[in-house]
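A closer look at the structure
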Amino acid sequence: MSEKLAIFAQGLFAKHNGKTAHGVIRYGTRDVVAVIDSTQAGRTAAEVVPFCLKPVPIVATLSEAVELGARALLIGVAPTGGKLDPAWRAMLLEAIAARLNIEAGLHTQLSEDPELRRAATRRGVALRDLRATPSDLSVPEGPYSRPDDVRVVHSVGSDTVIGKKVVTLELDRVAREAGERSVFVPTGQTGVAIAGWGIAVDHVISDYVAGAGERLVHEGAERGDLLFVEGQGALFHPAYSGVTLGLLHGCAPDRLVLVHKAGATAIRNYPDLPIPPLSELVAAYEGVARRVRPARVAAIALNTADLDSDDDARAAIAAAGEETGLIADDVVRFGCERVLKAVLESL
């Protein structure tokens, strides 16, 4: 997938729902020529979301993106529930008419939509479903089936949409820069869009989630011997805990990195459900891992993006470290060397 890419994020690029767009712009290797969001048109991606780093132009229309050279269109937003928004259908048909290949990480499979499939066939373009899963998945062989020399580090979290993917990508990047044979193992649609391989495990039949996690570890082991497996959901999230536990048992990690957003007190979308203290989360994750393959939490990765000053961020990091007795840091704001060192020294 080497075509020049436009990313559709209408009205949502500046919000957390735009995380697929943000991740692909910051970490992807493809040439992103435009973001489509009429509410931010005329600005650049980095001006609206500094995390993106790159000055990708934001345009109002698909035709402007085509003029900039786009030959593929990625739906760059992650709506709650992962379904296709009916309001996007006209834009997708317009993109197909312009002979753009379409990529989407939705639970709605574009290739199974009769109208979109007919239009794509007529125009000779591809509909790429990033959440499509292998048809031959099954239950895992067991937590000790991988090669002995492979080390697996898995990011887990206190909640959803707090940066587990980002932590995993940053640890992998710095590990590779340090000479490790490190691999980012994608387990979600944005990770697949960035890396070009992987399985979106939240689209897998529940019985086979652990099998998918195990397969990803085996495939990762063909690429390197230090695997950073992207986390999904959260153990105590009432909507997504199933995929969290299945992935944890399937990838059978040697070490865990616990991700938390500083200042967050309640589960996303469930304001009556408090996030447990970090010390309880450490114990819970280690407890559910123990009976399959023991894995301890090696460090805390704190997301301090909502804290304005570095002093406040450092205070939150210090508090997390004091509560848990573990190394803690914000791997984006202050770099991930301390967290990576804690992980590697514990393996």
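Summary of the structure given here. (Residues numbered from 1 in each chain as written. Predicted model: local features only at pLDDT ≥ 70, side-chain atom pairs only at ≥ 80, totals over all residues. Heavy atoms only, no water.)

With that out of the way, let us pick up the sheet that holds strand E3 (residues 58–59). In space, the six strands of this open sheet follow the order E3-E2-E1-E4-E5-E6, with parallel pairing throughout. Edge positions in the sheet fall to E3 and strand E6 (127–129), since each has one partner strand and no second. By the bridge criterion, four bridges tie strand E1 (residues 5–8) to strand E4 (residues 72–75) in an arrangement that is parallel. What sits directly across from Phe-8, in E4, is Ile-75. Sheet strands touched by helix H4 (residues 89–97): E1, E4, strand E5 (101–104) and E6. Its angle to E4, the strand with the most contacts, is close to 160 degrees. (Pairing = 2+ DSSP bridges. Helix = DSSP H or I, 4+ residues; strand = E, 2+ residues; numbered from the N terminus. Contact = heavy atoms within 4.5 Å. Axes fitted to C-alpha atoms, helices over the stretch in contact; angles between N-to-C directions.)

This part covers the pairing of strand E9 (residues 226–229). The two faces of E9 match: Leu-226 and Phe-228 on one face and Leu-227 and Val-229 on the other face are all buried. Two elements, strand E7 (residues 151–157) and E9, share four bridges in a ladder whose sense is parallel. Each bridged residue has a counterpart across the sheet, and for Val-153 the counterpart in E9 is Phe-228. As judged from the four bridges shared by strand E8 (residues 182–185) and E9, these two strands associate in the parallel manner. Within E9, the position partnered with Phe-184 by the bridge is Phe-228. (Buried < 20%, exposed > 50% of the residue type's maximum accessible area, 1.4 Å probe, protein only.)

All right, on to the side chain of Glu-3 then. Residue position: Glu-3 is located in the segment before E1. Polar side-chain contacts of Glu-3 include one of 2.7 Å to the side chain of Asn-101. Looking at Glu-3, its side chain comes within polar contact range of the side chain of Arg-128, at 2.9 Å. Residue contacts for Glu-3: discarding those within four places in its chain leaves Asp-31, Arg-71, Ala-72, Asn-101 and Arg-128. (Polar contact = N/O pair within 3.5 Å; in protein donor to acceptor, adjacent residues only side chain to side chain.)

Moving on, we come to the packing of aromatic side chains. According to the stated counting rule, one finds two aromatic pairs in the structure shown. Seen in terms of ring centroids, Tyr-27 and Phe-51 are 6.1 Å apart; in terms of plane orientation they differ by 65 degrees. Their pairing is edge-to-face. Here Phe-51 lies in the loop between helix H2 (45–48) and E3 and Tyr-27 lies in helix H1 (residues 19–27), a separation of 24 residues in the sequence. Sitting over the ring of Trp-197, Arg-223 keeps its end group 3.8 Å from the ring centre. (Phe/Tyr/Trp six-rings, centres within 6.5 Å; stacked < 30°, edge-to-face > 60°. Lys NZ or Arg CZ within 6 Å of the ring centre and 35° of its normal.)

In terms of nonpolar packing, the biggest core is built from 53 residues, with Phe-13, Ile-25, Leu-73 and Leu-92 touching the most fellow members. Per-element tally for this core: the top contributor is strand E2 (residues 32–36), with five residues. The residues touching Phe-13, leaving out its near neighbours within four places in the chain, are Gly-18, Ala-21, His-22, Ile-25, Val-35, Asp-37, Ala-45, Val-48, Val-49, Cys-52 and Ile-58. Judged by nonpolar contacts, the second largest core, of 24 residues, contains Ile-275, Ala-284, Ala-289 and Leu-302. (Core = buried A, V, L, I, M, F, W, Y, C linked by side-chain atoms within 4.5 Å.)

Attention now goes to unusual backbone geometry. Most peptide bonds take the trans form, and the phi angle of most residues other than glycine is negative. Even without a glycine there, the phi angle at Arg-99 is positive, about 65 degrees. On the secondary structure map, Arg-99 appears in the loop between H4 and E5. Here the phi dihedral of Ala-252 falls at roughly 45 degrees; this positive angle occurs in a residue that is not glycine. With respect to the element layout, Ala-252 can be found in the loop between helix H9 (241–251) and strand E10 (255–261). On the accessibility criterion, Ala-252 (3% relative accessible area) is buried.

Note that all results are geometric; they support no functional claim without further evidence.
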